[in-house]
Amino acid sequence: MRHVLSATVQNVPGVLAHISGMLASRGYNIDSLAVGETEDPHLSRMTFVVVGDDNVLQQVRKQLGKIVTVVEVFDVSAQDYVERDLMLIKVGASPGRRSEVRELTDIFRGRIVDVGPEEVMIEISGPEKKIEAFIELMRPFGIKELVRTGRIAMVRGGRNDRSVDEQVAEASTADLGHF
């Protein structure tokens, strides 16, 4: 089973390495990982996808909960949520085939962000299946280069848990001396 987990962490050096190293050392594979600062510059949000049964999910959550710089962990996929992936893809597009590439890009609500003599770069975002479908349609044109952000996700509507202010207060009083 695929689980989308979100961890609010203190925005300090070494957190990403610590968390990914801990998961790898215990044999958990991360299918996708995206990290970025939140609305509070003291906190970052890590969104990662792990595959496994409920026991694997519980073990991952327990291990993450032991890390001092982790403020909160929750299973986004256990709730109604929205997920997105961002991709830049460079495909072969000679002048005679550009209109075809442009039409497909428009259908998928992407946009062409760079044009070269024999290729175009396209930006597209959406659910994983949309991104993968677009990749398959671009294969006949020749994919020159592709990069993806990994999944990001948010629970729909309000969540009934601690406020960001409470999380910040806890994060600012935590001991950071061991990093």
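No experiment lies behind these values; they were computed from the predicted model shown.

With respect to the secondary-structure elements, Glu83 resides in strand S5 (residues 81-92). A polar side-chain atom of Glu83 sits 3.2 Å from a polar atom in the side chain of Arg2.

Proteins that are soluble and globular tend to have nonpolar side chains buried together. Membership of the largest hydrophobic core comes to 17 residues, with the highest contact counts inside it found for Val9, Ile19, Leu23, Phe48, Val60 and Leu64. With four residues, the single largest contributor to this core is helix H1 (residues 15-25). When sequence neighbours within four positions are dropped, the list of residues in contact with Phe48 reads His3, Val4, Leu5, Ala7, Leu23, Ile30, Ser32, Leu33, Val60 and Leu64. The next biggest cluster of nonpolar side chains, apart from the first, holds 15 residues, and it includes Leu104, Phe108, Phe134 and Ile135.

The next thing to look at is the pairing of S5. Where S5 meets strand S9 (residues 152-155), four bridges bridge the pair, whose relative direction is antiparallel. Along S9, the bridge assignment pairs Val82 with Met154. Where S5 and strand S7 (residues 119-126) come together, eight bridges link them in antiparallel fashion. The residue of S7 that forms the bridge with Leu88 is Glu123. Examined bridge by bridge, S5 and strand S8 (residues 143-148) share five bridges and lie antiparallel to one another. Bridge pairing in S8 links Ile89 to Leu146.

This next bit is on the sheet that holds strand S1 (residues 2-10). Taken in spatial order, the four strands of this open sheet run S2-S3-S1-S4, and their pairing is antiparallel. The sheet is open, and its two edges are formed by strand S2 (30-37) and strand S4 (70-75), each paired on a single side. Between one strand axis and the next, the sheet turns by 15° as a mean value, whatever way the strands run. One ladder, built from nine bridges, connects S1 with strand S3 (residues 43-51); its direction is antiparallel. Each residue of the ladder has a partner; that of Ala7, found in S3, is Met46. Across the sheet, H1 lies against S1, S2, S3 and S4, angled at about 165° from S2, the strand it touches most.

Let's shift gears to helix H4 (residues 128-138). Buried within H4 are the following residues: Glu128, Ile131, Phe134, Ile135 and Met138. Down the axis, H4 shows its buried residues gathered within 130° of arc, on one side only. Where H4 is buried, its residues contact S1, S5, helix H3 (98-107), S7 and S8.

One pass over the full model with this rule turns up 10 salt bridges. A salt bridge links Arg156 to Asp80, with the shortest nitrogen-to-oxygen separation between them at 3.4 Å. Remark: Asp80 occurs in the loop between S4 and S5 and Arg156 occurs in the loop between S9 and helix H5 (164-173); sequence separation between them is 76 residues. Among the residues examined, Arg156 registers a relative accessible area of 49% and is labelled partly exposed.

Rules of the game
- Residues numbered from 1 in each chain as written.
- Predicted model: local features only at pLDDT ≥ 70, side-chain atom pairs only at ≥ 80, totals over all residues.
- Heavy atoms only, no water.
- Helix = DSSP H or I, 4+ residues; strand = E, 2+ residues; numbered from the N terminus.
- Polar contact = N/O pair within 3.5 Å; in protein donor to acceptor, adjacent residues only side chain to side chain.
- Core = buried A, V, L, I, M, F, W, Y, C linked by side-chain atoms within 4.5 Å.
- Buried < 20%, exposed > 50% of the residue type's maximum accessible area, 1.4 Å probe, protein only.
- Contact = heavy atoms within 4.5 Å.
- Pairing = 2+ DSSP bridges.
- Axes fitted to C-alpha atoms, helices over the stretch in contact; angles between N-to-C directions.
- Arc of directions from axis to C-beta.
- Salt bridge = Lys/Arg side-chain N within 4 Å of Asp/Glu carboxyl O.

Shape is all these values report; function is a separate question.
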